Amino acid sequence: MGSMDLPVRTRVAVVGGGPTGLALAVTLASAGVDFVVVDRLAAGANTSRAAVVHARTLEVLAELGAAEGLIARGVPINTFTVHDGSRRLLRVPFDRLPTPYPFTLMVPQYETEAVLLARLRALGADVHRPYEVDSVVQDPAGVTLTMTTGQTLRAEFVVGADGMDSAVRAASGIGFTGSAYLESFVLADVEMDWAPGPEEVALTFGAAGLTVVAPLPGGHYRVVASVDDAPATPDLRFVQDLLDERAAGRATVTALAWSSRFRVHHRLADHYRAGRLLLAGDAAHVHSPAGGQGMNTGIQDGFALGAALITGDLDRYESERRPVAQRVVRFTDRMTRMATTRNRGVRLARNVALTLLGSIPSFRLKLATELAEINYRSPSDTTSILTGHRPTRGNAPSGPAGASSTRGDVNAEGQRVAAQT
Ligand SMILES: Cc1cc2nc3c(=O)[nH]c(=O)nc-3n(C[C@H](O)[C@H](O)[C@H](O)COP(=O)(O)OP(=O)(O)OC[C@H]3O[C@@H](n4cnc5c(N)ncnc54)[C@H](O)[C@@H]3O)c2cc1C
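My aim in this report is to walk through the structure given alongside it, one point at a time. Note that the structure is predicted; figures quoted are calculated from it, not measured.

Quick look at helix α6 (residues 236-246) now. Within the sequence span of α6, burial applies to Phe 238, Val 239, Leu 242, Leu 243 and Arg 246. All buried residues of α6 fall inside an arc of 125° around its axis, so they share one side. Among the exposed residues of α6, those oriented more than 90 degrees off its buried face are Arg 237 and Asp 241. For α6, the elements touching its buried residues are β12 (176-194), β13 (200-205), β14 (211-215), β15 (220-227) and β16 (251-269).

Below you can see the structure in the form of structure tokens.
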């Protein structure tokens, strides 16, 4: 959509058309709020990256009319298991969760972005590309964004949904407190014979690092592993050797579809708001991929911030969402350190404790609830803020309206629709 003219003025300017910016944009479009989304990339990223969509995110996506479309593209998984080498310590079932979506959905991030973008277009809006924000200046009456092209966009509010190196956060002066993990993370989408099979997400502890294997659509598997020193683009041999070392005899990799290495930080923005500037998603929090919660928390931020912008209760956004990110950063950090400890005594104690706790149903349910993020429902996002708000199309070029809606979804007119069978 590079040919789209950039408006000169809007109510809400969203910098970044990743999953967070898209979730926010769909929320605003559903309620008829005037907004503009800009992204510096000429097209959305087409790499796999975050591959887990948890139950709470599916509840939010259902509010936005995007859950059923995404579920159709993914693989629902009911079980999360924790191992030390080949020994299973813990089995966490998701099917007892009190949610319409008692499972975790495995689906590549580009599919999640594609479904949100299709929903945005069905509501008559789109992402303006490629526009890179070069400067962000706020004054008492508004904010001026200047693009690298020299064009300007004036807005009442600006949202930084522009990822970890957020330009909006930099301009706001908000600190991003935390540090980086020493090890890097390897990600690979592979085809393989995997002994545990495609019914579970398996986290394996090990002194060399943690390893997660999870099924993906099309018979593929996602491998995530913390590694001291990994090549930038791990090849099939590297992934096979890694699994031979950490899951001996259980994996035969036959093809590699995509791989990447990335360094992980655990950081949290000191505030989510500075005057007219607001932060959401990776711009506000980054953490270990153990638990697969990065994109999930970002999509939920986008929805909650949309609700706050619709209702005008902006201060509530930080007070609701920052503690959630704080908890996710702490939880994933604890999980990562516990998984990778090299201290024999600590490992032994950890394994005994997990095996014992794993026999207690309420502990298993608590862990499933934490992973699924359904304990993070908040007053502003349990009741639909979209009902009763009618969208306008003044903020975007025309697009196809009235995409099909399913049970509990909100249709293109911003109204809750009856269940379809
Ligand atoms: C290789 C890799 C693997 C990952 N794996 C996992 C995983 O397994 N599990 C997990 O939970 N998470 C994972 N993540 C993290 C996950 O991808 C992020 O949490 C998620 O993308 C955050 O979404 P976001 O919309 O907040 O930010 P982003 O997806 O980073 O989107 C930000 C957008 O802003 C745009 N932008 C940035 N600066 C500007 C600017 N100045 N002007 C205009 N546009 C701008 C960018 O082009 C981008 O489209 C991974 C990330 C990477 C890179």
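Now that the structure has been shown, we can carry on.
What follows is about the sheet that holds strand β7 (residues 104-106). Two modes of strand pairing occur in sheets, parallel and antiparallel, and in both the strands are linked by backbone hydrogen bonds. Taken in spatial order, the three strands line up as β3-β7-β4 in an open sheet, and their pairing is antiparallel. The open sheet has two free edges, formed respectively by β3 (52-53) and β4 (75-77), since each of these has just one partner strand. Note: β3 against β7, two bridges, orientation antiparallel. In the strand pairing of β7, Val 53 is matched with Leu 105.

Moving on: the nonpolar core. The biggest cluster of nonpolar side chains holds 125 residues, and the ones touching the most others in it are Val 14, Val 15, Ala 25, Val 26, Val 158 and Val 159. If we skip the residues at most four places from it in the chain, Val 26 touches Leu 64, Ala 66, Leu 116, Arg 119, Leu 120 and Leu 123.

With that out of the way, let us pick up the site of the ligand. Within the structure, the ligand sits among 33 residues, and Gly 16, Gly 18, Gly 163, Gly 281 and Gly 294 are positioned closest to it. Elements with a minimum of two residues in the shell around the ligand: α1 (19-30), β16 and α7 (294-311). Counted by class, the shell around the ligand contains 14 nonpolar, 13 polar and six charged residues.

This part is about the pairing of strand β2 (residues 35-38). Looking along a regular strand, one sees the side chains alternate between the two faces of the sheet. Burial along β2 is two-sided: Phe 35 and Val 37 facing one way and Val 36 and Val 38 facing the other are all buried. Sheet analysis places strand β1 (residues 9-15) next to β2, joined by four bridges and oriented parallel. Its bridge partner being in β2, Val 14 is matched across the sheet by Val 37. Tracing the backbone out of β1, into α1 and back to the parallel element β2 gives a crossover that is right-handed. Strand direction decides the pairing type here: β2 and strand β8 (residues 127-128), joined by two bridges, are parallel. Bridged to Val 37 within β8 is Val 127.

Rules behind the numbers
Within each chain, residue numbers correspond to sequence positions counted from 1 in written order. The model is predicted, so local features are restricted to residues of pLDDT at least 70 and side-chain atom pairs to those at 80 or more, both for listing and for counting; the totals for chains, interfaces and linings are taken over all residues. Residues are called buried when their C-beta atom has 20 or more other C-beta atoms within 10 Å, exposed when it has 12 or fewer, and partly exposed otherwise; all C-beta atoms are positioned from the backbone. Runs of H or I in DSSP of at least four residues are treated as helices and runs of E of at least two as strands, each being numbered from the N terminus. Here the arc refers to the set of directions running from the helix axis out to each C-beta atom. Any two residues are considered in contact once their C-beta atoms, placed from the backbone, lie within 7 Å. DSSP-based pairing: two strands are paired if at least 2 bridges between them are found. Working definition: the nonpolar core is a set of buried Ala, Val, Leu, Ile, Met, Phe, Trp, Tyr and Cys residues, joined through C-beta atoms within 7 Å. Proximity of a residue to a molecule or strand is defined by its backbone-placed C-beta atom lying within 6 Å of that partner. Throughout, the ten residues Ala, Val, Leu, Ile, Met, Phe, Trp, Tyr, Cys and Pro are labelled nonpolar, Asp, Glu, Lys and Arg are labelled charged, and all others, Gly among them, are labelled polar. Seen with its strands pointing away from the viewer, a crossover is right-handed when the path leading from the first strand over the helix to the second is clockwise.

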